[in-house]
Amino acid sequence: MNPDLSLTKPYPFTRLRALLSDSKLPDGIEHISLSIGEPKHAAPEAVIRALFDSSKLFEKYPATTGALELRTAISDWIFRRYGVKTDPLTQILPTNGSREALFSFTQAYIDRTKSPFVILPCPFYQIYEGASLMAGATPYYCPQTAENNFAMDLDSVPEEVLRNTQLVFVCSPSNPTGKVLNLEDWKKLFSYSDKYGFVIGSDECYSEIYFDEEKPPLGALEAAKLLGRDNFERLIVFSSLSKRSNIPGMRTGFVAGDAALIKPYLLYRTYHGCAMSGPIQQASIAAWNDEEHVRESRRLYKEKFATAVPLMSKTLGISMPDASFYLWAKTPIDDQEYAKRLYEEKAITVLPGSFLSRDCGGLNPGRGYIRIALVATVPEVKEAARRISEFNPK
């Protein structure tokens with residue numbers, strides 16, 4: 001087996017199960033899980049119908065490139081959403097969700113013979129770390145804290161690391177902080193990419209969960225266009241329907257950006273054997289072509305945040321995120337102890353922030369925080385917020 005497997009760390013939810021393994025839920029209280037970023041809103045009927053109406057396509061091998069109809073639907077969505085034109089033949093590739101693509105792109109791109117670094121935000125989505133390690137790269141953790149407004153500060157990265165960096169992951173809107181990069185942030189990232197030659201991998205799976213219909217989050221492709229980088233040089237965007245359309249089990253998304261990067265990545269995927277099945281492609285087309293269900297999801301999230309933030313802020317350090325369905329909450333005690341006691345006393349599961357971080361720069365930027373995923377139903381979130389408002393451990 002690949003010896004680099006031994007370098008990976010237990011996944012956050014494996015650690016959470018271990019933390020709660022000797023805990024018992026309180027009697028007479030319904031358990032509410034706010035730990036996993038799995039949307040609980042209903043999947044769109046049109047998407048489910050398209051899946052089953054095209055079930056005969058299960059009898060055919062799908063092309064790794066995906067159907068042109070799907071790539072065109074994605075390209076059209078990108079134009080409607082960001083005002084950016086993309087070539088569906090060379091700048092877009094369907095993937096089985098963003099998680100699979102984040103991992104496989106890293107394997108395809110990293111040249112392990114050059115002692116490479118991959119820069120990660122910290123806290124972070126753990127796939128970035130595992131993908132880097134198994135590609136033969138050394139992760140460099142860039143702390144995102146309240147003191148730096150949860151931004152990735154490349155100025156703090158040593159010159160030697162930057163010179164040997166091949167890939168920088170960014171997540172906007174961020175998991176777990178909800179931070180959205182602005183145009184100045186992107187301008188700085190692009191300038192570093194130009195200077196040191198690294199690729200920017202922009203994880204945008206939360207891009208469609210925001211609170212003002214008139215102010216959607218800025219995306220990397222949009223920022224590139226605004227800054228005159230129409231060929232998206234050294235930029236790859238990862239997107240997904242899991243959060244946008246409430247279909248995480250379908251495993252469907254795309255990569256878009258630099259055609260010079262997508263061409264060899266397609267070759268890798270051809271051997272990797274990860275083509276999207278025909279019915280999933282048809283369901284994806286239906287999802288990308290419809291915005292009504294997305295707006296309804298945003299309405300529900302907005303309602304949940306409007307209730308949860310005022311209540312939870314009575315006992316936790318909380319402010320509204322720029323976007324996404326997470327609250328990054330400062331705890332009055334150790335984050336792991338808080339999560340364990342909240343489970344045992346109030347029957348609510350949340351994720352300790354230290355499970356999403358690593359020690360870097362002499363601190364673990366996730367320690368003393370919890371991630372709360374407002375993915376449950378509106379009544380469940382309201383009830384969870386009430387319980388948390390009454391939970392004030394000392």
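For the structure, see preceding data.
Note that the coordinates shown come from a computational prediction; the quantities given were computed from them, not determined experimentally.

## Focus on the environment of Val 168
Okay, so step 1: With respect to the helices and strands, the residue Val 168 is situated in strand 5 (residues 165-171).
Okay, so step 2: Sequence separation of Val 168 and Leu 25 is 143 residues, and the distance between their C-alpha atoms is 41 Å.
Okay, so step 3: Not counting residues up to four positions away in its chain, the partners in contact with Val 168 are Ile 119, Met 152, Leu 189, Phe 198, Val 199, Ile 200 and Gly 201.

## Here's the deal with the packing of aromatic side chains
Okay, so step 1: One pass over the structure, following the stated rule, counts 21 aromatic pairs.
Okay, so step 2: Ring plane angle 75 degrees and centroid distance 4.9 Å describe the contact between Phe 325 and Tyr 326, whose orientation is recorded as edge-to-face.
Okay, so step 3: Classification of Phe 325 by relative accessible area gives buried; the value is 0%.
Okay, so step 4: In this structure Tyr 326 comes out as buried when scored by relative accessible area, which is 2%.

## Quick notes on unusual backbone geometry
A negative phi angle is the norm for most residues apart from glycine, just as the trans form is the norm for most peptide bonds.
Okay, so step 1: Going from Cys 122 to Pro 123, the amide bond is cis rather than trans, its omega being 15 degrees.
Okay, so step 2: As for its placement among the helices and strands, Pro 123 is situated in the loop between strand 3 (117-122) and helix 5 (126-134).
Okay, so step 3: A cis amide bond links Ser 172 to the next residue, Pro 173, at an omega of -5 degrees.
Okay, so step 4: By secondary structure assignment, the location of Pro 173 is in the loop between strand 5 and helix 7 (183-196).
Okay, so step 5: The backbone of Arg 234 shows a phi angle near 55 degrees, a positive value even though the residue is not glycine.
Okay, so step 6: Mapped onto the elements, Arg 234 comes out in the loop between helix 8 (220-226) and strand 7 (235-240).
Okay, so step 7: The buried category is assigned to Arg 234, whose relative accessible area is 16%.
Okay, so step 8: Its identity as a non-glycine residue notwithstanding, Ala 347 has a phi of 60 degrees, on the positive side.
Okay, so step 9: Relative to the elements of secondary structure, Ala 347 occurs in the loop between helix 12 (335-346) and strand 10 (348-349).
Okay, so step 10: Taking relative accessible area as the criterion, Ala 347 reaches 0% and is therefore assigned buried.

## Some words on the sheet that holds strand 9 (residues 326-330)
Okay, so step 1: Spatial ordering of the open sheet is given by 9-12-11, a layout of three strands whose pairing is antiparallel. Of all strands in the sheet, those with a lone pairing partner are strand 9 and strand 11 (351-352), marking the two edges.
Okay, so step 2: Examined bridge by bridge, strand 9 and strand 12 (residues 369-373) share five bridges and lie antiparallel to one another. Across the sheet, Lys 330 pairs through a bridge with Tyr 369, a residue of strand 12.

## So, the environment of Gly 97
Okay, so step 1: Within the secondary structure layout, Gly 97 lies in helix 4 (residues 97-109).
Okay, so step 2: The class for Gly 97 is buried, based on a relative accessible area of 0%.
Okay, so step 3: When the C-alpha atoms of Gly 97 and Leu 316 are compared, they prove to be 33 Å apart, with 219 residues separating the residues in sequence.

## Description of the nonpolar core
Okay, so step 1: Counting residues in each nonpolar core, the largest one holds 47 residues, and the members touching the most others are Ile 78, Trp 186 and Leu 235.
Okay, so step 2: Top contributing element to this core by residue count: helix 3 (residues 68-82), with six residues.

## Re empty space enclosed by the protein
Okay, so step 1: Overall, the coordinates contain one cavity of 30 Å³ or more when judged by the stated rule.
Okay, so step 2: Here the largest cavity is characterised by a volume of approximately 60 Å³.
Okay, so step 3: Every element with two or more residues in the lining of the largest cavity is listed here: helix 3 and strand 7.
Okay, so step 4: The element contributing the most residues to the lining of the largest cavity is helix 3, with three residues.
Okay, so step 5: Residue composition of the lining of the largest cavity, by class: six nonpolar, two polar and one charged.

## Description of the layout of surface pockets
Okay, so step 1: Each pocket or cavity is described by its volume, and for the largest pocket that value is around 450 Å³.
Okay, so step 2: Along the walls of the largest pocket sit 23 residues, with Ile 36, Gly 37, Arg 99, Tyr 125 and Lys 243 positioned nearest its centre.
Okay, so step 3: Among the secondary structure elements, those contributing two or more residues to the lining of the largest pocket are helix 1 (12-19) and helix 4.
Okay, so step 4: Split by residue class, the lining of the largest pocket holds eleven nonpolar, six polar and six charged.

Analysis parameters
Residues numbered from 1 in each chain as written. Predicted model: local features only at pLDDT ≥ 70, side-chain atom pairs only at ≥ 80, totals over all residues. Heavy atoms only, no water. Helix = DSSP H or I, 4+ residues; strand = E, 2+ residues; numbered from the N terminus. Contact = heavy atoms within 4.5 Å. Phe/Tyr/Trp six-rings, centres within 6.5 Å; stacked < 30°, edge-to-face > 60°. Buried < 20%, exposed > 50% of the residue type's maximum accessible area, 1.4 Å probe, protein only. Pairing = 2+ DSSP bridges. Core = buried A, V, L, I, M, F, W, Y, C linked by side-chain atoms within 4.5 Å. 1 Å grid on protein atoms, 1.4 Å probe; cavity = no way out; pocket = protein on both sides within 12 Å on 5 of 7 lines; lining within 4 Å. Points joined across faces, edges and corners; volume = space filled by probe spheres on them. Nonpolar A, V, L, I, M, F, W, Y, C, P; charged D, E, K, R; others polar.

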